[in-house]
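Chain residues, written in single-letter form:
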Amino acid sequence: MASRDTTQQLDSLTETMLRELACGQYGAVAINSGLCAEWAERAVALVGGSVAWVSNSAHAVVGLDGMMYDAETTDGVADEHELPWVARGGIGIEYVDDEGTTWCPWDRGYIAQ
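Residues numbered from 1 in each chain as written. Predicted model: local features only at pLDDT ≥ 70, side-chain atom pairs only at ≥ 80, totals over all residues. Heavy atoms only, no water.

Asks: If you had to explain the overall build of the protein chain to someone new, which residues and values would you point to?
Replies: Helix and strand counts for the protein chain come out as four helices and six strands. The buried share of the protein chain, taken over its 113 residues, is 43%. The contacts in the protein chain between residues at least 6 apart in sequence include a share of 42% that link residues at least 24 apart. Entry remark: accessible area of the protein chain is about 6,000 Å², with carbon and sulfur atoms responsible for 48%. (Helix = DSSP H or I, 4+ residues; strand = E, 2+ residues; numbered from the N terminus. Buried < 20%, exposed > 50% of the residue type's maximum accessible area, 1.4 Å probe, protein only. Contact = heavy atoms within 4.5 Å. Areas by Shrake-Rupley, 256 points an atom, 1.4 Å probe, with all protein chains shown as cover.)

Below you can see the structure in the form of structure tokens.
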């Protein structure tokens, strides 16, 4: 479990990014839908640790003192399978268009970046 200070700093970062992106209505899952690496890099600058990648995926997290953190999991988890992003099968806010192509709203500008 993260220290209260770490959790507060990570929560603040998440809130700041949601305001910057004008996508607060989607919650932290919006950050984990294509901007997880940026969140992780900014989080490392705040709390230390290092940017790590979830096994067999393209999801960036912060590794710190044996715990993993992302925008949805600011209190940290010891096992990557406890991350909501992993539990969803690596799906954030993604859509499948009429041709069957999966894309993230960041890719098409549906969420201001």
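Text resumes after the structure shown.
Asks: Tell me about helix α1 (residues 4-21), and please be specific about residues and values.
Replies: Taking 1.5 Å of rise per residue, the 18 residues of α1 would be expected to cover 26 Å, and the 26 Å separating its terminal C-alpha atoms lies within 8% of that figure. Within α1, burial applies to Thr6, Thr7, Leu10, Leu13, Thr14, Met17, Leu18 and Leu21. For α1, the arc enclosing every buried residue in end-on projection is 130°, short of the 170-degree limit, so these residues lie on one face. Projecting away from the buried face of α1 at angles above 90 degrees are the exposed residues Arg4 and Arg19. Positive phi shows up at Ala22, right after α1, with a value of about 55°. (Expected span 1.5 Å × (residues − 1). Arc of directions from axis to C-beta.)

Asks: Outline the nonpolar core, supporting the account with residue identities and numerical values.
Replies: Counting 21 residues, the largest nonpolar core has Leu10, Met17, Ile31, Trp39, Ala43, Val62 and Tyr69 as its most contacted members. The set of elements that each furnish at least two residues to this core consists of α1, α2 (36-47), β2 (60-64) and β3 (67-70). Excluding residues within four positions of it along the chain, Trp39 makes contact with Leu10, Leu13, Thr14, Met17, Ile31, Val62, Tyr69, Asp70, Ala71 and Thr74. Core analysis: the second largest hydrophobic core is formed by five residues, Val54, Val61, Met68 and Val77 among them. (Core = buried A, V, L, I, M, F, W, Y, C linked by side-chain atoms within 4.5 Å.)

Asks: So what about the pattern of salt bridges? Which residues, and what values?
Replies: All chains considered together, the criterion is met by three salt bridges. Close ionic contact of Glu20 with Arg42 constitutes a salt bridge, the shortest N to O distance being 2.9 Å. With Glu20 in helix α1 and Arg42 in helix α2, the pair connects residues that are 22 residues apart, well separated along the chain. Looking at Arg42, the relative accessible area reads 25%, which means it is partly exposed. (Salt bridge = Lys/Arg side-chain N within 4 Å of Asp/Glu carboxyl O.)

Asks: How would you sum up the sheet that holds strand β1 (residues 50-53)? Please name residues and give values.
Replies: Overall, antiparallel pairing links the four strands, which are arranged β1-β2-β3-β4 in an open sheet. In the strand order of this sheet, the two ends are held by β1 and β4 (73-77), each with one partner. Ignoring strand direction, the axes of neighbouring strands in this sheet form an average angle of 40°. Where β1 meets β2, four bridges bridge the pair, whose relative direction is antiparallel. Bridge assignment links Trp53 to a residue of β2, and that residue is Ala60. α1 contacts β2, β3 and β4 of the sheet and is inclined by roughly 135° relative to β4. Packed on one face of the sheet, α2 meets β1, β2, β3 and β4 and runs near 20° to β2. (Pairing = 2+ DSSP bridges. Axes fitted to C-alpha atoms, helices over the stretch in contact; angles between N-to-C directions.)

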